[in-house]
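A structural walkthrough
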Amino acid sequence: MTSPDLAALRPRLPSPVEEITDGRFGRHGIRLLLKRDDLIHPDLIGNKWRKLAPNLTAAAGRTVVTFGGAYSNHLRATAAAGRLLGLPTVGVVRGQELSDRPLNPSLARCAADGMRLHFVDRSTYRRKTESETLAAILRTAGAEDAHVVPEGGSNSLAVRGCRALGEELRARADADVHADVVALACGTGGTLAGLAAGLAPDQRALGIPVLKGGFLSTDIEALQERAFGGRRGDWSLDDRFHFGGYARVPTELDAFAEDFEDRHGVPVERLYVAKLLYGLVALAGEGAFPRGSTVAAVITGRPFP
């Protein structure tokens, strides 16, 4: 089997950097940049490209099996990659009860892109990283020889792929792309793990977790250990902006996102990007960034559908 030609998909790399003027930052002497990873590719958006590309190469034409919930951005991106590259894909979906229900728009898109959906009960799903459980899932899904990509796409290949994101934001002769702080929303932590490794020593990465629980720091350290042999870069997390957990979008957050869109003409994805931007506005108001700082917000996705 041969590896797919990812260059044929024409990714826009490096992704563009845009400066926006926003009084909520400007009054504190902070310059705000948007790292528009949402413009890398129309189907493989943002950090999904960076994490999936090395895994698709490693799959070398084999079936790709991955995992996610009913609204997983990662499942949709993997399904789109399979359609574009002619690779068979299987999505292991959390929640056996969903198998008897009409597909929601997210899973319907996966199916339309050719992904075979395999639903498992939530107890089994929680144990999916155990070797015996994983083997049983692959066996019942008819995909024992597949290349397995974990939930969210975060493995060593993905983390090393995301290092390029940090490298694109290192100080260069073009000072407009230099940032003191690079911030992004975090799900499984793989993008932050790679980003932090690619930044310059005088830059730091800030992660805004979208899930509650406070477990992500340990996961990121483990990802960096597997990818690089140890902790890399200056990074930290702020756990205050998850709004109750994954896929929770209360009225306050939705109103904030709509206002940001109206101010700047940038579409704001609600599950991740809105929480990031809300957190940065709050942190700026708290004085978390010294006057004269430049903060880059990584726009990792866009609204669906």
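Scope of this entry: the structure provided in the associated data block. (Residues numbered from 1 in each chain as written. Predicted model: local features only at pLDDT ≥ 70, side-chain atom pairs only at ≥ 80, totals over all residues. Heavy atoms only, no water.)

Comments concerning the overall build of the protein
Stated precisely, the cut-off is as follows: Numbering goes from the N terminus for both helices and strands, where a helix is a DSSP run of H or I of at least four residues and a strand is a run of E of at least two. Just to be clear, the radius of gyration here is over C-alpha atoms, and the globule rule we use is 2.2 Å times residues to the power 0.38. Burial status follows relative accessibility: with a 1.4 Å probe on protein chains alone, a residue under 20% of its type maximum counts as buried, one over 50% as exposed, and anything between as partly exposed. What makes two residues a contact is simply this: any of their non-hydrogen atoms within 4.5 Å. Only the protein chains shown count as cover for residues, and the accessible areas themselves come from Shrake-Rupley with a 1.4 Å probe. Positive: Lys, Arg. Negative: Asp, Glu. His and the chain ends are not part of the count. We put the charge of a Lys on NZ, of an Arg on CZ, of an Asp on CG and of a Glu on CD.
Check the secondary structure of the protein and you find 11 helices and 10 strands. Relative to its length of 305 residues, the protein is compact, with a C-alpha radius of gyration of 19 Å against a globular reference of 19 Å. Principal axes of the C-alpha set define a box for the protein whose edges measure 55 × 40 × 35 Å. Per-residue burial for the protein yields a buried fraction of 54% across its 305 residues. Counting contacts in the protein only where the partners sit at least 6 residues apart, residues at least 24 apart contribute 74% of the total. Working note: accessible area of the protein is about 13,000 Å², and carbon and sulfur atoms make up 49% of it. Across the protein, the mean location of the 38 positive side-chain charges is 2 Å away from that of the 36 negative side-chain charges.

Looking at empty space enclosed by the protein
Empty pockets left among the atoms are what a rolling probe the size of a water molecule brings to light. The cut-off we apply is this: The definitions used throughout rest on a 1 Å grid laid over the protein atoms alone, on which a cavity is an enclosed set of points accommodating a 1.4 Å probe that cannot get out and a pocket is an open set flanked by protein within 12 Å on both sides along at least five of seven lines; lining residues are those having an atom within 4 Å of a point. Grid points are joined across faces, edges and corners, and a volume is the space filled by probe spheres set on the points. Note on residue classes: Ala, Val, Leu, Ile, Met, Phe, Trp, Tyr, Cys and Pro are nonpolar, Asp, Glu, Lys and Arg are charged, and everything else, Gly too, is polar.
For the structure shown, the criterion picks out 1 cavity of 30 Å³ or more. Reported here for the largest cavity is a volume of approximately 40 Å³. Around the largest cavity, the lining residues are C186, G187, P209, V210, L211, K212, G213, G214, F215, L216 and D239. Looking at the lining of the largest cavity residue by residue, the classes come out as 6 nonpolar, 3 polar and 2 charged.

Some details on the layout of surface pockets
Counted as a void, the second largest pocket has a volume near 200 Å³. Secondary-structure elements contributing two or more residues to the lining of the second largest pocket are α3 (73–85) and α4 (105–112). Within the lining of the second largest pocket, the residues separate by chemical class into 6 nonpolar, 2 polar and 4 charged.

Remarks on the pairing of strand β10 (residues 294–298)
For a regular strand, side-chain orientation follows a simple rule: the groups alternate between the two sheet faces. So the rule is basically this: Pairs of strands are assigned from DSSP output, requiring at least two bridges between the strands.
Across the 5 residues of β10, 5 count as buried, placing the element largely inside the fold. Burial of β10 is two-sided: the residues T294, A296 and V298 facing one way and the residues V295 and A297 facing the other way are all buried. Pairing between strand β2 (residues 31–35) and β10: 5 bridges, direction parallel. Across the sheet, R31 pairs through a bridge with T294, a residue of β10. With 3 bridges connecting them, strand β7 (residues 181–186) and β10 associate as parallel partners. Along β10, the bridge assignment pairs A183 with A297.

Regarding the packing of aromatic side chains
The condition that has to hold: Between 30 and 60 degrees the pair is tilted, below 30 it is stacked and above 60 it is edge-to-face, where a pair is any two Phe, Tyr or Trp rings, Trp via its six-membered ring, whose centres lie within 6.5 Å. Any Lys NZ or Arg CZ that is within 6 Å of a ring centre and within 35 degrees of that ring's normal is treated as a charge sitting over the ring.
Evaluation of the coordinates by the stated rule reveals 6 aromatic pairs. Both rings, one in F67 and one in Y125, keep their centres 6.4 Å apart while their planes meet at 70°; by these two values the pair is edge-to-face. You can see F67 sitting in strand β3 (residues 64–68) and its partner Y125 sitting in helix α5 (residues 122–126), a full 58 residues away along the chain. Judged by relative accessible area, F67 falls into the buried class, the value being 3%. Taken together through their ring pairs, the aromatic side chains of F241, F243, F256, F260 and Y278 make up a single cluster. Between the NZ or CZ atom of R94 and the centre of the ring of Y125, over which it lies, the distance is 5.4 Å. Cation over ring: R231 sits above W235, and NZ or CZ is 3.8 Å from the ring centre.

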